[in-house]
Amino acid sequence: MKNTFRSLRGYNYRVWAGGALVSNIGTWMQRIAQDWLVLTQLTHNNATAVGVVMALQFGPQLLLLPLTGFAADHLDRRKLLFMTQAALGTLALALGLLTVTGHVQLWHVYGFALLLGCVTAFDAPVRQTFISDLVGEANLSNAVALNSTSFNAARMIGPAVAGLLIAAVGCGWVFIINAASFGAVLYSLTLLRLGELQPQHKLKRTRAGLIEGFRYVWKRPDMRAILLMLFLIGTFGLNFAIYISTMAVTTFHAGAGRYGFLTSTMAIGTVTGALFAAHRAMPRFTLLPAAAGMFGLLLAIAAMLPTYWLFGIALIGVGMAAQTFTTSTNSFMQLSAEPAMRGRIVAIFLAIIMGGTPLGAPVAGWVADTFGPRWALGVGAAAGLLAAAVGIRYLVIYRGLRLHVSAGRMRLSINPAQVAASAPQPERDAA
């Protein structure tokens, strides 16, 4: 267990992690309040509208991809974080004031979702790659996983608090509190010891930078398989805002507090999954299809459960499987990529897993409105099982995965020679 938290021994990472935790709690509070505002106050339980908000908020991840990866690789990451975090706080404050004063309308939420998405498109890759500046290569996988642990610990706290605050003072004040929480991460950036940062070497600026990133990925069968798995799960599987809100409101007839509690319950699983990933020095590819398959299976089970409490318990397993998959893919791609390419690889990773939302979220919302929330969960389950099949196909073709009978028992084996031939090359600094 001590090894699980090894990145926190460094001063810079401790400071950053503390500020990020406070900000993440505020971010999760806003997510819950925003979905609740749209679903119950600005519409009459319209899941499609929630899907549109998600599409607008995550769509810029894909549209701005040529710029975001370039920025993460070539600009000063600490200064860029100052700008993005300040902008996110300002947008939260403006939406909060509109809501508190009673002037907010659905199109306002759509507009703010789009603006938040544009800023987050730059913020997310630089936050991911800034971790390597804080801890260096040796602890990168651990720091990435701890970052996910912090985000999901906030998912456990934020929604529960948001549910209580929505019932007590309304959604607007939740947005304002989130705006204030960005002060913590901005303050943490001022406390960093600049001399202890470990920035990676940067490439010369070139318009071909993103194209080089795609070429790099295309030459790697493992990354191609991962990105296809990410597309399936990110587009059709990770629409939890729609799944949980519609199940809470239309299936179990729950209020804001119980809706927030369901999201917090799932966070128990995501924190567990992140800590599991943090304990591993380098994730193995075989973990990815296993996690994807478990995600699909558990989501299918959750779709059929009859009561609020059983559904909440199932969400713990769903969260653990989803977090194990996403955190492990993030670490695998960062650690197996050359340091000079890391910003673009992370930008592509984020664009695929989050940029698929504009396609998947409206579909999930439409399915929930037309056929019911349980069918929307079924779509996500199918995506997880299909992603697992993609990973297994890669293992069969490139790693020699075979099923055989040994001592009367069915066993799986991988060809060591093919593993060595397909293993990522050791990282090296760009010349």
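Parameters and conventions
- Residues numbered from 1 in each chain as written.
- Predicted model: local features only at pLDDT ≥ 70, side-chain atom pairs only at ≥ 80, totals over all residues.
- Heavy atoms only, no water.
- Helix = DSSP H or I, 4+ residues; strand = E, 2+ residues; numbered from the N terminus.
- Buried < 20%, exposed > 50% of the residue type's maximum accessible area, 1.4 Å probe, protein only.
- Areas by Shrake-Rupley, 256 points an atom, 1.4 Å probe, with all protein chains shown as cover.
- Salt bridge = Lys/Arg side-chain N within 4 Å of Asp/Glu carboxyl O.
- Contact = heavy atoms within 4.5 Å.
- Expected span 1.5 Å × (residues − 1).
- Axes fitted to C-alpha atoms, helices over the stretch in contact; angles between N-to-C directions.
- Parallel < 35°, antiparallel > 145°, perpendicular 65-115°, else oblique.
- Left-handed = near helix turned anticlockwise from the far one by under 90°.
- Nonpolar A, V, L, I, M, F, W, Y, C, P; charged D, E, K, R; others polar.
- Phe/Tyr/Trp six-rings, centres within 6.5 Å; stacked < 30°, edge-to-face > 60°.
- Lys NZ or Arg CZ within 6 Å of the ring centre and 35° of its normal.

(A) Geometry of the overall build of the protein chain. Assigned secondary structure in the protein chain consists of 18 helices and two strands. The burial tally for the protein chain puts 57% of its 431 residues in the buried class. Carbon and sulfur atoms make up 68% of the accessible area of the protein chain, which totals about 17,700 Å².

(B) Layout of the pattern of salt bridges. Applying the stated rule across the entire model yields four salt bridges. Here Arg-127 makes a salt bridge to Asp-123, at a shortest N to O gap of 2.5 Å. Of the two residues, Arg-127 and Asp-123 both sit in helix α6 (residues 106-135), four residues apart, roughly one turn of that helix. Between Arg-193 and Glu-196 there is a salt bridge whose closest N-O contact spans 3.3 Å. A relative accessible area of 40% places Glu-196 in the partly exposed class.

(C) Summary view of the environment of Ala-302. Its location among the elements puts Ala-302 in helix α13 (residues 287-304). Leaving out residues up to four positions away in the same chain, Ala-302 has contacts with Phe-311, Ala-314, Arg-374 and Leu-377.

(D) A look at helix α14 (residues 308-336). Between its terminal C-alpha atoms α14 stretches 42 Å, which fits the 42 Å expected from 29 residues at 1.5 Å a residue. Of all 29 residues that make up α14, 23 are buried, and the element is covered over most of its length.

(E) Representation of the packing of helix α2 (residues 47-58) against helix α11 (residues 240-251) in the model. In contact at an axis separation of 10 Å, α2 and α11 are set at 155° when each is read in the N-to-C sense. By the angle between their axes, α2 is roughly antiparallel relative to α11. As α2 runs across α11, the sense of the crossing is right-handed. The segment α2 lies against α11, with Ala-47, Val-50, Gly-51 and Met-54 engaging Ala-241, Ile-242 and Thr-246. Looking at the contact of α2 with α11 residue by residue, the class counts come to five nonpolar, two polar and no charged.

(F) Looking closely at the packing of aromatic side chains. The final tally for this structure, using the stated rule, is 13 aromatic pairs. When the centroid spacing of 6.2 Å and the interplanar angle of 75° are considered together, the rings of Phe-285 and Phe-332 count as edge-to-face. Of this pair, Phe-285 sits in the loop between α12 (256-279) and α13 while Phe-332 is found in helix α14, placing the two residues 47 residues apart along the sequence. Given the relative accessible area of 2%, Phe-285 is considered buried. Between Trp-366 and Phe-371, the ring centres sit 5.6 Å apart and the planes meet at 85°, which makes this aromatic pair edge-to-face. Ring pairing ties together the aromatic residues Phe-252, Phe-261, Tyr-308, Trp-309 and Phe-311, which thus form one cluster. Cation over ring: Arg-193 sits above Tyr-11, and NZ or CZ is 3.7 Å from the ring centre.

(G) Looking closely at unusual backbone geometry. Phi is positive for Asn-45, which is not a glycine, with a value near 55°. By secondary structure assignment, the location of Asn-45 is in the loop between α1 (11-42) and α2. Judged by its relative accessible area of 28%, Asn-45 is partly exposed. In this structure, His-253 is a non-glycine residue whose phi angle is positive, near 55°. Here His-253 lies in the loop between α11 and α12.

(H) Here's a closer look at the environment of Ile-353. Relative to the helices and strands, Ile-353 is located in helix α15 (residues 342-355). Between the alpha carbons of Ile-353 and Leu-230 there is a distance of 5.4 Å; along the sequence they are 123 residues apart. Ignoring anything within four residues of it in the chain, the contact list for Ile-353 reads Leu-230, Gly-234, Leu-238 and Thr-326.

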